[in-house]
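# Architecture at a glance
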Amino acid sequence: MLTLHRVTVRYGRFEALRGVDWSVGTGQATVTALLGPSGCGKSTLLRAVAGLEPVAAGSIAWDGQSIDDVAPHRRDFGVVFQDGQLFPGRTVRQNVAYGLARRGIRGAAARARVDEMLELVRLHDYGGRSPDALSGGQAQRVALARALAPRPRLLLLDEPLAAVDSQLREALAESIGEIVRAAGTPTVLVTHDHREAALMADTVSVMRAGTIVQTDAASRLWHRPVDEDTAEFLGARSIVDGIVGDGVLDTAVGQVRLTDESSFGTPPDGPCRVALRPEAVVATPDPEGPAVVEHAAALVASWRVRLRIADAVYEGVSSKPVRPGARVRLRLEAGGVAVIG
Ligand code: ADP
Ligand code: MG
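Residues numbered from 1 in each chain as written. Chains lettered and ligands numbered in written order. Predicted model: local features only at pLDDT ≥ 70, side-chain atom pairs only at ≥ 80, totals over all residues. Heavy atoms only, no water.

The name recorded for the chain in an unreviewed UniProt entry is ABC transporter ATP-binding protein, from Gordonia hydrophobica.

Structure below.
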C-alpha cells in the first residue's frame with residue numbers, strides 16, 4: 001500500500017502540497033478517486049507519487065519502505081495523463097509494447113502481452129494504426145493498455161477523461177473502471193468531477209488547497225461530507241439547520257428518516273447542519289403549500305425549481321410543470337440529503 005507522510009511540494013514560495021498525510025489501501029484491486037477543484041494540487045500529488053515532482057518535506061512509502069530515493073521508472077507505477085501522450089511516430093502496438101522491453105519481456109511473450117492488453121481495452125483490431133487515426137476515447141484506452149502492460153503495482157490516472165467528448169465520457173469512465181478491475185491493479189484516479197468519481201471509484205479522497213480534507217467510501221461521502229465547502233463541491237445547493245432525534249432529521253423543508261446506516265452512519269442526536277442537493281427537495285403543486293416557486297426550468301423528465309419560504313430560498317425539483325408564483329408543498333428525499341460533519 002501507498003502511504004504519504006506530511007508530504008510538502010513547493011513551486012518557488014508557493015506551497016502546492018501542505019504536509020499531506022494519505023494512505024491508499026491496495027488489499028484488493030480498488031479505485032481511489034482524488035477529487036478536488038482545479039488548482040488544489042491533485043496533479044502535483046500524483047506527480048510526487050510518480051517521482052516526477054521533487055518533495056520538499058515529508059516522505060512517500062510503499063509497503064512501509066520509503067521510495068523517496070527510487071527513480072520514477074523504478075517505482076513500478078503506471079501513469080496516464082489527460083491527453084494520453086502516445087508516441088506519435090509509433091503504431092498502437094508499439095505504444096503498448098513500450099514498457100515491456102525494460103521489464104525483460106521480449107519476442108513472443110511481448111506480442112502475447114500486447115494482444116492481451118489490446119483485448120482488455122477492446123481495441124484488438126487497432127494494433128497497426130497510428131495514434132493520430134484514433135478518437136480521443138480510443139487514444140486514452142491505448143494509453144491505459146500501455147500503462148497496464150508491464151503489470152505496475154499501482155496505476156495513476158490524471159483526469160483521463162478530460163480530453164474526451166462529453167457524450168462519450170460516461171461510457172469511457174465505466175469502461176476504464178471495468179478494465180482496471182479486470183486487470184486487478186490498484187488505481188488512483190484524479191478528477192475534479194464528483195460524478196466521475198462516483199462512477200469509477202470505491203473510495204474518494206477530497207482535496208482542497210493542498211490538503212486532503214476527507215477520505216470515505218464513495219457511497220458514504222455524499223451523505224456525510226466533513227464541512228460545508230465539501231458539501232457544496234459535491235453538488236449541494238442549499239445548506240440549512242436541522243435537528244436529529246431517534247434517527248429522524250427535521251428541517252424547515254421537511255423531515256426524513258436516516259434509514260441507511262451505511263451511508264449516513266449514526267449522526268448524534270441534536271442540532272446539525274444539513275446540505276441538500278436539488279433532488280432532495282421535491283416540490284408538488286399545492287395551493288395551500290408553504291413554498292412559492294420563484295423560477296422553474298424544464299429538464300429532461302422533471303423541472304428544476306427555485307423556491308422561497310419566507311426569507312429562505314431552496315433549489316428543488318418537481319415532476320409536474322410549475323410556474324413562478326405557484327404555491328407548492330415540499331418533501332425531503334433521503335437520497336439527496338447530507339448531514340455535515
Ligand atoms: P490540480 O491538478 O488540482 O488542478 P495542480 O497540482 O496542477 O492542481 O496545481 C496546484 C497549484 O500549483 C496551482 O495553483 C498551480 O497553479 C500551481 N502549479 C502547478 N504546477 C506548477 C509549476 N510547475 N510552477 C508553478 N506553479 C505550479
Ligand atoms: Mg491537474
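### Quick notes on the packing of aromatic side chains
We count it as follows: Whether two aromatic rings pair depends on their centres lying within 6.5 Å, for rings of Phe, Tyr and Trp, where Trp uses its six-membered ring; planes under 30 degrees apart make the pair stacked, over 60 edge-to-face, and the rest tilted. Helix numbering and strand numbering both begin at the N terminus, where a helix is a DSSP run of H or I of at least 4 residues and a strand a DSSP run of E of at least 2. Remark: exposure states derive from per-residue accessible area (1.4 Å probe, protein chains only) relative to the maximum for the residue type, with buried under 20%, exposed over 50%, and partly exposed in between. Each ring is checked for a lysine NZ or an arginine CZ that lies within 6 Å of its centre and within 35 degrees of its normal; such an atom marks a charge sitting over the ring.
Inspection of the entire model under this criterion finds two aromatic pairs. Measuring from centroid to centroid gives 5.5 Å for Trp62 and Phe77, while their planes differ by 55°, and the two rings are tilted. With a gap of 15 residues between them, Trp62 in strand β4 (residues 57–62) and Phe77 in strand β6 (residues 77–80) connect regions that are remote in the sequence. Owing to a relative accessible area of 12%, Phe77 belongs among the buried residues under this scheme. When the centroid spacing of 4.7 Å and the interplanar angle of 55° are considered together, the rings of Phe87 and Tyr98 count as tilted. On the criterion of sequence distance, the pair formed by Phe87 in the loop between β6 and α2 (92–97) and Tyr98 in the loop between α2 and α3 (107–120) is long-range, its members being eleven residues apart. Above the plane of the ring of Phe87 lies Arg90, whose end atom (NZ or CZ) is 4.6 Å from the centre. The ring of Phe87 has Arg146 sitting right over it, with the charged end atom 4.8 Å from the ring centre.

### Let's talk about the side chain of Glu159
Using the following cut-off: Definition of a polar contact: a pair of N or O atoms within 3.5 Å, with one able to donate and the other able to accept a hydrogen when the atoms are protein atoms, and with sequence-neighbouring residues admitted only if both atoms are side-chain atoms. By the convention used here, residues are in contact when the closest approach between their heavy atoms is within 4.5 Å.
On the secondary structure map, Glu159 appears in the loop between β7 (154–158) and α5 (166–183). On the accessibility criterion, Glu159 (9% relative accessible area) is buried. Looking at Glu159, its side chain comes within polar contact range of the side chain of His192, at 2.8 Å. The contact partners of Glu159, leaving out residues within four places of it in the chain, are Lys42, Gln82, Val190, Thr191 and His192.

### So, the side chain of Gln140
Along the chain, Gln140 falls in helix α4 (residues 136–148). Overall, the relative accessible area of 3% leaves Gln140 in the buried class. One polar contact links the side chain of Gln140 to the main-chain carbonyl oxygen of Pro160, over a distance of 2.7 Å. Not counting chain neighbours up to four residues away, the residues in contact with Gln140 comprise Val80, Phe81, Gln82, Asp83, Gly84, Pro160, Val164 and Leu172.

### So, the pattern of salt bridges
Pairing is possible between side chains of opposite charge, provided their charged atoms come close. Where we set the bar: One side-chain nitrogen of Lys or Arg within 4 Å of one carboxyl oxygen of Asp or Glu is enough to make a salt bridge.
This structure, assessed with the given rule, holds 18 salt bridges. For Asp115, the salt bridge goes to Arg93, with nearest N and O atoms at 2.8 Å. Of this pair, Asp115 sits in helix α3 while Arg93 is found in helix α2, placing the two residues 22 residues apart along the sequence. We classify Arg93 as partly exposed; its relative accessible area is 28%. Residues Arg277 and Glu279 are paired through a salt bridge, measuring 3.9 Å at the closest nitrogen-oxygen approach. Classification of Glu279 by relative accessible area gives partly exposed; the value is 39%. Connected through shared salt-bridge partners, Glu228, Asp241 and Arg273 make up one network.

### With respect to the sheet that holds strand β10 (residues 211–217)
Sheet strands associate in pairs through backbone hydrogen bonding, adopting either a parallel or an antiparallel arrangement. Our working rule: By this definition, two strands are paired if DSSP reports at least two bridges between them. Between N-to-C directions, angles span 0 to 180 degrees; the directions come from axes that are lines fitted to C-alpha atoms, helices contributing only their stretch in contact.
The sheet built from six strands is open, its strands ordered β6-β7-β8-β3-β9-β10 with mixed pairing. Strands at the two margins of the open sheet, each flanked by one partner only, are β6 and β10. Averaged over all pairs of adjacent strands, the angle between their axes in this sheet comes to 20°, without regard to strand direction. Relative to β7, β6 is paired through four bridges, and the arrangement is parallel. Its bridge partner being in β7, Gly78 is matched across the sheet by Leu155. Strand contacts of helix α1 (residues 42–50): β3 (31–35), β6, β7, β8 (187–191), β9 (203–208) and β10, with the helix running at about 150° to β7, the strand carrying the most contacts. Packed onto the sheet, α4 meets β6 and β7 and runs at close to 170° relative to β6.

### Focus: the domain arrangement of the chain
Here is the rule we go by: An automatic or database domain assignment is the source of the domain bounds shown. We define buried area as the total accessible area lost by two parts upon association, computed with a 1.4 Å probe and summed across both.
Examined at the domain level, the chain breaks down into domain 1 (2–222) and domain 2 (228–339). Domain 1 and domain 2 are separated by 37 Å when their C-alpha centres are compared. Opposite the 13 residues of domain 1 that make contact, domain 2 presents twelve residues. When domain 1 packs against domain 2, close to 940 Å² is buried across both sides, 58% of that on carbon and sulfur atoms. For the pair domain 1 and domain 2, the interface holds zero salt bridges. Where domain 1 meets domain 2, there are two residue pairs in polar contact (both at pLDDT 80 or more).

### What about the pairing of strand β1 (residues 2–11)?
The pairing of β1 with β4 spans five bridges and is antiparallel. The partner of His5 across the bridge, within β4, is Ser59. Pairing analysis gives seven bridges linking β1 to strand β2 (residues 14–24), with the strands arranged antiparallel. Along β2, the bridge assignment pairs Val9 with Leu17. Hairpin connection, β1 to β2: the antiparallel pair is bridged by two residues, and Gly12 has positive phi, about 60°.

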